[in-house]
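Examining the three-dimensional arrangement
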Amino acid sequence: MSTAGVFSGREITQIAIQMEQSGYGFYSAAAEAATHPEVRKLLEWLSGQERLHERIFRDMLPTIPEHRPPEEYDGQRADFIQSLLDARVLPEVEGGERALAQMASDQEAIDFALGFEKDTILLLYAMRDLVPPGQAAQVDRLIEEEKGHVQRLVAM
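Residues numbered from 1 in each chain as written. Predicted model: local features only at pLDDT ≥ 70, side-chain atom pairs only at ≥ 80, totals over all residues. Heavy atoms only, no water.

Section: the overall build of the protein chain
- For the protein chain, the count of helices and strands is six helices and zero strands.
- Counted from the first residue to the last, the protein chain has its helices and strands arranged as α-α-α-α-α-α.
- By the burial criterion, 51% of the 156 residues in the protein chain qualify as buried.
- Residue pairs at least 24 apart in sequence account for 79% of intrachain contacts in the protein chain once pairs closer than 6 positions are excluded.
- For the protein chain, the accessible surface area stands at approximately 7,800 Å², while carbon and sulfur atoms represent 52% of it. (Helix = DSSP H or I, 4+ residues; strand = E, 2+ residues; numbered from the N terminus. Buried < 20%, exposed > 50% of the residue type's maximum accessible area, 1.4 Å probe, protein only. Contact = heavy atoms within 4.5 Å. Areas by Shrake-Rupley, 256 points an atom, 1.4 Å probe, with all protein chains shown as cover.)

Brief notes about the packing of helix α2 (residues 37-60) against helix α6 (residues 133-155)
- One way to put it is that α2 packs onto α6 with a least axis distance of 12 Å and a crossing angle of 170 degrees. Taken together, α2 and α6 sit at an angle that is classed as roughly antiparallel. Taken together, the residues of α6 that come into contact with α2 (itself represented by Leu-42, Trp-45, Leu-46, Gln-49, Glu-50, His-53, Ile-56, Phe-57 and Met-60) are Gln-135, Gln-138, Val-139, Arg-141, Leu-142, Glu-145, Glu-146, His-149, Arg-152 and Leu-153.
- Here the residues of the contact of α2 with α6 sort into nine nonpolar, five polar and five charged. (Axes fitted to C-alpha atoms, helices over the stretch in contact; angles between N-to-C directions. Parallel < 35°, antiparallel > 145°, perpendicular 65-115°, else oblique. Nonpolar A, V, L, I, M, F, W, Y, C, P; charged D, E, K, R; others polar.)

Concerning α2
- Here α2 is 24 residues long and its end C-alpha atoms lie 35 Å apart, about the 34 Å a rise of 1.5 Å per residue gives.
- Burial in α2 covers these residues: Val-39, Leu-42, Leu-43, Leu-46, Ser-47, Gln-49, Glu-50, His-53, Glu-54, Ile-56, Phe-57 and Met-60. (Expected span 1.5 Å × (residues − 1).)

Examining the pattern of salt bridges
- Taken as a whole and judged by the stated rule, the model has four salt bridges.
- The partner of Glu-54 in a salt bridge is Arg-58, with the nearest N and O atoms 3.0 Å apart. Of this pair, Glu-54 and Arg-58 both sit in helix α2, four residues apart, which is roughly one turn of that helix.
- The class of Arg-58 is partly exposed, set by a relative accessible area of 40%.
- Residue Lys-147 is joined to Glu-144 by a salt bridge in which the shortest nitrogen-to-oxygen separation is 3.3 Å. Of this pair, Lys-147 and Glu-144 are both found in helix α6, three residues apart, which corresponds to roughly one turn of the helix.
- Owing to a relative accessible area of 31%, Lys-147 belongs among the partly exposed residues under this scheme.
- Linked through salt bridges whose partners overlap, the residues forming this network are Arg-51, Glu-54 and Arg-58. (Salt bridge = Lys/Arg side-chain N within 4 Å of Asp/Glu carboxyl O.)

Brief notes about the packing of aromatic side chains
- In total, this model carries three aromatic pairs according to the counting rule given.
- Aromatic rings pair up to connect Phe-26, Tyr-27, Phe-112 and Phe-116 into one cluster.
- Note that Arg-51 overlies the ring of Tyr-24, its terminal NZ or CZ placed 3.6 Å from the centroid.
- It is Arg-152 that lies over the ring of Trp-45; its NZ or CZ is 4.0 Å from the centre. (Phe/Tyr/Trp six-rings, centres within 6.5 Å; stacked < 30°, edge-to-face > 60°. Lys NZ or Arg CZ within 6 Å of the ring centre and 35° of its normal.)

Regarding the nonpolar core
- Within the largest apolar cluster, 39 residues are counted, with the highest numbers of intra-cluster contacts made by Phe-26, Tyr-27, Leu-43, Phe-57, Met-60, Met-127 and Leu-153.
- Only α1 (9-33), α2, α5 (106-128) and α6 provide two or more residues apiece to this core.
- Element by element, the count of residues in this core is highest for α5, at ten residues.
- Beyond its immediate sequence surroundings of up to four residues, Tyr-27 is in contact with Leu-43, Leu-46, Ser-47, Glu-50, Ala-113, Phe-116, Glu-117 and Leu-153. (Core = buried A, V, L, I, M, F, W, Y, C linked by side-chain atoms within 4.5 Å.)

Details of the packing of α5 against α6
- At a minimum axis distance of 9 Å, the contact between α5 and α6 shows a crossing angle of 165 degrees. Taken together, the axis directions place α5 and α6 in an arrangement best described as roughly antiparallel. Helix-helix and strand crossings are classified by hand; for α5 and α6 the assignment is left-handed. The residues of α6 that touch α5, namely those facing Ile-110, Ala-113, Leu-114, Glu-117, Thr-120, Ile-121, Leu-124, Tyr-125, Met-127 and Arg-128, are Ala-136, Val-139, Asp-140, Leu-142, Ile-143, Glu-146, Lys-147, His-149, Val-150, Leu-153 and Val-154.
- Tallied by class, residues from the contact of α5 with α6 come to 14 nonpolar, two polar and five charged. (Left-handed = near helix turned anticlockwise from the far one by under 90°.)

Next up, the structure:
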């Protein structure tokens, strides 16, 4: 975290990279463990999407300045983002594989994945306010893709 107690756009992007890595680990392991072919296919696709998003965030990282938008009160953004991080489904890269080991069915893996995708969407909304205006559209596109992931998981 930054010394000022407020997350910058760069820090949020680094967190987003970590979340995508966590998602990749979970989806890859879940696809291998899936018993239903359609579930396996969806999880493999989601795994690939996580890798793609990670690359997009890595490409964005060098261009994001240390921008800190104004807050209503000191620490507002840091408190919000920290609460997202504390409550997120996959706290670290290995978290998905550990969580998967406790799941007994494809349905549990899908339910878990829904929570992860929703966490990612919340983080991306926070991130959108911290990136340069030219990159906000790219974050919006990623939000729409994550919403599509939710829709596909719900449909499964």
